[in-house]
Amino acid sequence: MTAVARSNTRELTEIEKAFFNRLYITNNVQLNDVQMQSVLHQGTQLLLAAPGTGKTTTTITKIGYMIDVLGYNPSKILAVTFSKAAAVDMQKRFKKLFPQHPDGIVHFSTIHSLAFDIYRYHMSKTNQSYQMIEGSEEVDQNGKKINLKTRIISKIYQDVMGEYPSEDVREGLKLYISLVKNLLTTPEQLAEDETRSEEILEGAAEVYNRYEEYKRSQNPVMLDYDDMLVDAYRILNENDEVREYYKSKFDVVMIDEGQDTSFVQHAIAEILIEDHQNLFMVADDDQTIYKFRGSDVENLLVFGDKYPNGIILKMEHNYRSTKIIVDVANAFIKAVEKRYDKNMFTDKEDGNPIAVNRFGQHSDQLKFVINHIKKKDDLSEIAVLYRNNASSIGVAFELMKNKIPFYLKEGDARFFSHFVMKDLRNYLRLAFGEKVKHMKLIEDIRPRFRGYLKPSHITELATKDLEMNIWEALCDLRDIQPYQIEFFNKCKKVFPSLKNMNPVEAIDTVLEELQYREAMKKYVDFIGMNMEGVERVLSTIKMIAESSENLVDFYETLDDLANAIRDAKGNAGKNAVTLSTFHSSKGLEWDTVFCIDLQVGQVPTMQEIEAATKRKIAGALDEAYRLMYVGMTRARKTLHLCCYTMGSKPSQFVKEVESIIKKREMAVRISANQPKGEKRVEVTDLMVEQEQSLNLEVGVKVHHKKFGDGVVRALSEERIDVEFETKGLRSFLVEYCVSNKILENI
């Protein structure tokens, strides 16, 4: 097992001194000991970089060092990162630090681009052709633009399940297919993996198998983005000529964001460095948050076993955040079971306290965030972060109402095409469309009328007089049973009444009287979707409805919001509040960060909780911890953690953070009052619980183990004065009384 190296450095050569001096003079780049050791080391290395520790500067400096000092051929340096944007950014930063080198001299690439290069090289050598099925768009049966891959998957799903997939189902299927490929596994093996807690849609395995069979049967063969990885790995294993060509093409392989790479991506890298064993990987196991895409922290934890001659360094000096944010985040992440032991620190001052905000209702949380934002001038230094994209809708709605500009990093257009939104809009439109000529509305929601309406009924309905009342026409169809007639007569009465209700009342009527809630749950069970996410969409719709007086106003508000969210994508780089998921915020930073919707079912998810509590899977909550850690460490100066109690329970993580903050405060107070030379008191969770459970206020009656009953007469952060019935007024250290259980309430 490779030992973790220390941060000591050797004496620099004259050439090295000139290189680092030039960087300092031209770009003010001055490396700390660990960064310097990382740059100087030759050979395989894992650089564990905590948030805000300067990993990109270190990586770019190392590339320049290899070229200018060690004499590497720059065209034989491969620098691979997670996204195209990151690759472009690294190239720009290299150009800034080393402007003397021509553009494109170093091979900055994404792993997909590298894999595609391998695939094309092989296909060209073997005179084979292929067709990409991602990128080009078509129009689906609902009039929405989709690419060829999505159309193929949708058709296969319809054949398997007998129903055209909603957009959420399509996205779920694509994620599932991608996961299977990135893990280099099969649907059957994935289903048997008890360590995973992903939600798998009903029929997904069959769709996967048919999808793969369909692509292979086409001429030319079809290729999607994830096929690039799998096929590149297969080609490197099966074709000696291609394997040797790419092994000799690069003298060093550098991987940024190594924690985000999947099993197949790691496997490709291993092949490329087989001969020279020159791998430089920058990663943070505490920021491994893409398990649903196939990334696995084990790839990092076994690094020392795979590369016994390499070294593992830790960059722990955070240059981004205040001391309290660094300290609390560092303590919080230690709850993760599978990780390298690291201790992030900073030289910065404590700064603003971390604010843990508990609200009664979800709407109270949003009002709090908006009111704080209104007080700020530089909106570009504010971010609102959350786990699920659905959370962005409520924030965007409140920002729109208050005319506050915002940038939505990844706009959740799916909210407006979610099956619940589409169903409710169609239900409510039927309040205004009561004739047969409006039968398209009935046709769209027919699956929710399962048991009352068949496809043949829709066909027969089309033969009726277009001006006839649609419910009367349905009652007049052949083979209609009494229970159906009873339901249609109810619809004839209820639907027109919706026009006179406010939107919330109308939605509740649809949910209960028209039995949509029951139909919604049946559909969710049928497709194997998580009901928690569906309920979040429904509650967001109702929240928006509360601001509208009537249905027409409600429709206009939804359209305005959809347009505002669409336009928000153009606010990048402007004076606007950033809305982002925790996932997309990684690598970014702001002065002020609000982490919202920290609820049970979101952070962590119900699947993660079940895996930890019922299935007893080790580390089942690790990714949820890491995700919240990523959100917390985006803040430079001010961090707000927000949750609410009505309709949902606050996440257990909120209480854990509160306990960490309390322990830290107690430790500071004890240290300030402790005589010099005494052994430092270690603050424990039990001490925190005791202090929180002990009600110490002036006038409160307490019992002392030695002095008996008394009354609190004075209280400060450090000392408490108690007047006893028999011993008079006595003064004590608060921390001593708490830690030794000297006092208790009567």
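Above this text is the structure in question.
Keep in mind it's a predicted model, so treat the numbers as computed, not measured.

Draft legend 1. Layout of the pairing of strand β1 (residues 45-49). Judged by how many residues are buried, β1 sits mostly within the fold: five of five residues are covered. Where burial is concerned, the two faces of β1 agree: the one with Gln45, Leu47 and Ala49 and the one with Leu46 and Leu48 are both buried. Of the strand pairs in this sheet, β1 and strand β9 (residues 279-283) are connected by four bridges, and their pairing is parallel. Across the sheet, the residue bridging to leucine 48 is alanine 283, located in β9. Judged from the five bridges that link them, β1 and strand β10 (residues 311-315) form a sheet pairing that is parallel. Counterpart to glutamine 45 in the pairing with β10 is isoleucine 311.

Draft legend 2. Structural context of the packing of helix α3 (residues 55-68) against helix α4 (residues 84-97). Two elements in contact, α3 and α4, have axes separated by 10 Å at closest approach and are oriented at 60°. Taken together, the axes of α3 and α4 lie oblique to each other. Note on packing geometry: the crossing formed by α3 with α4 is right-handed. When α3 is examined against α4, the residues Thr56, Thr57, Thr59, Ile60, Thr61, Ile63, Gly64 and Ile67 are found in contact with a partner set consisting of Met90, Arg93, Phe94 and Leu97. When grouped by side-chain class, the residues that make up the contact of α3 with α4 number six nonpolar, five polar and one charged.

Draft legend 3. Inspection of the side chain of glutamine 35 at higher detail. The topology assignment puts glutamine 35 in helix α2 (residues 33-40). Assessed through its relative accessible area of 5%, glutamine 35 is described here as buried. The residues contacting glutamine 35, other than those within four sequence positions of it, are Gln30, Thr53, Gly54, Thr58 and Met315.

Draft legend 4. Examining the side chain of arginine 339 more closely. Locating arginine 339 in the fold gives a position in the loop between α15 (323-332) and β11 (355-359). Note on arginine 339: relative accessible area 16%, which makes it buried. A distance of 2.8 Å separates a polar atom in the side chain of arginine 339 from a polar atom in the side chain of aspartate 286.

Draft legend 5. Molecular detail of the packing of aromatic side chains. Evaluation of the coordinates by the stated rule reveals 35 aromatic pairs. Taking 4.8 Å as the distance between ring centres and 70° as the angle between the ring planes, the aromatic pair formed by phenylalanine 419 and tyrosine 523 counts as edge-to-face. Highlighted residues: phenylalanine 419 in helix α19 (residues 419-429) and tyrosine 523 in helix α25 (residues 516-527), separated in sequence by 104 residues. The pair formed by phenylalanine 419 and tyrosine 523 is uniform in burial state, with each residue classed as buried. Seen in terms of ring centroids, tyrosine 427 and phenylalanine 495 are 6.2 Å apart; in terms of plane orientation they differ by 20°. Their pairing is stacked.

Draft legend 6. Up close: the sheet that holds strand β14 (residues 577-581). With parallel pairing, six strands are arranged side by side in an open sheet as β11-β16-β15-β12-β14-β13. Two strands in the sheet have a free side with no partner beyond their single neighbour: β11 and β13 (406-408). Neighbour-to-neighbour, the strand axes of the sheet open up by a mean angle of 20°, direction not taken into account. For strand β15 (residues 590-595) and strand β16 (residues 635-644), the ladder comprises five bridges, and the chain directions are parallel.

Draft legend 7. Fine view of the pairing of β16. Along β16, eight of the 10 residues are buried, which leaves the element largely enclosed by surrounding structure. In this sheet, β16 lies alongside β11 in parallel orientation, the contact comprising five bridges. Counterpart to phenylalanine 359 in the pairing with β16 is tyrosine 644.

Draft legend 8. Inspection of the nonpolar core at higher detail. Counting residues in hydrophobic clusters, the biggest one holds 104 residues, and the most contacted among them are Ile373, Val384, Val420, Trp471 and Leu579. Once residues lying within four places of it in the same chain are set aside, the contact partners of tryptophan 471 are Leu430, Ile442, Phe449, Phe488, Cys491, Lys492 and Phe495. Counting residues in hydrophobic clusters, the runner-up holds 39 residues, among them Met228, Leu279, Met281 and Phe303.

Draft legend 9. Region of interest: the packing of α19 against helix α27 (residues 551-568). At a closest axis distance of 11 Å, the pairing of α19 and α27 adopts a crossing angle of 150°. Classified by the angle their axes make, α19 and α27 are roughly antiparallel. For α19 against α27, the interelement crossing comes out left-handed. The segment α19 lies against α27, with Met421, Arg425, Leu428 and Arg429 engaging Leu551, Phe554, Tyr555, Leu558 and Asp559. Here the residues of the contact of α19 with α27 sort into six nonpolar, no polar and three charged.

Draft legend 10. Here's a closer look at the environment of cysteine 475. With respect to the secondary-structure elements, cysteine 475 resides in helix α22 (residues 470-475). Separated by 306 residues in the primary sequence, cysteine 475 and valine 169 have C-alpha atoms spaced 33 Å apart. Not counting chain neighbours up to four residues away, the residues in contact with cysteine 475 comprise Ile480, Ile485, Phe488 and Asn489.

Draft legend 11. Quick look at the sheet that holds strand β3 (residues 107-110). Taken in spatial order, the six strands make up an open sheet running β3-β2-β8-β9-β1-β10, and their pairing is parallel. The sheet is open, and its two edges are formed by β3 and β10, each paired on a single side. Recorded for the sheet is a direction-independent mean angle of 15° between the axes of neighbouring strands. Strand direction decides the pairing type here: strand β2 (residues 77-81) and strand β8 (residues 252-255), joined by four bridges, are parallel. Paired with isoleucine 77 across the two strands is valine 252, which belongs to β8. Of the strands in this sheet, β1, β9 and β10 are in contact with α2, which crosses β10 at around 150°.

What counts and what doesn't
- Residues numbered from 1 in each chain as written.
- Predicted model: local features only at pLDDT ≥ 70, side-chain atom pairs only at ≥ 80, totals over all residues.
- Heavy atoms only, no water.
- Buried < 20%, exposed > 50% of the residue type's maximum accessible area, 1.4 Å probe, protein only.
- Helix = DSSP H or I, 4+ residues; strand = E, 2+ residues; numbered from the N terminus.
- Pairing = 2+ DSSP bridges.
- Axes fitted to C-alpha atoms, helices over the stretch in contact; angles between N-to-C directions.
- Parallel < 35°, antiparallel > 145°, perpendicular 65-115°, else oblique.
- Left-handed = near helix turned anticlockwise from the far one by under 90°.
- Contact = heavy atoms within 4.5 Å.
- Nonpolar A, V, L, I, M, F, W, Y, C, P; charged D, E, K, R; others polar.
- Polar contact = N/O pair within 3.5 Å; in protein donor to acceptor, adjacent residues only side chain to side chain.
- Phe/Tyr/Trp six-rings, centres within 6.5 Å; stacked < 30°, edge-to-face > 60°.
- Core = buried A, V, L, I, M, F, W, Y, C linked by side-chain atoms within 4.5 Å.

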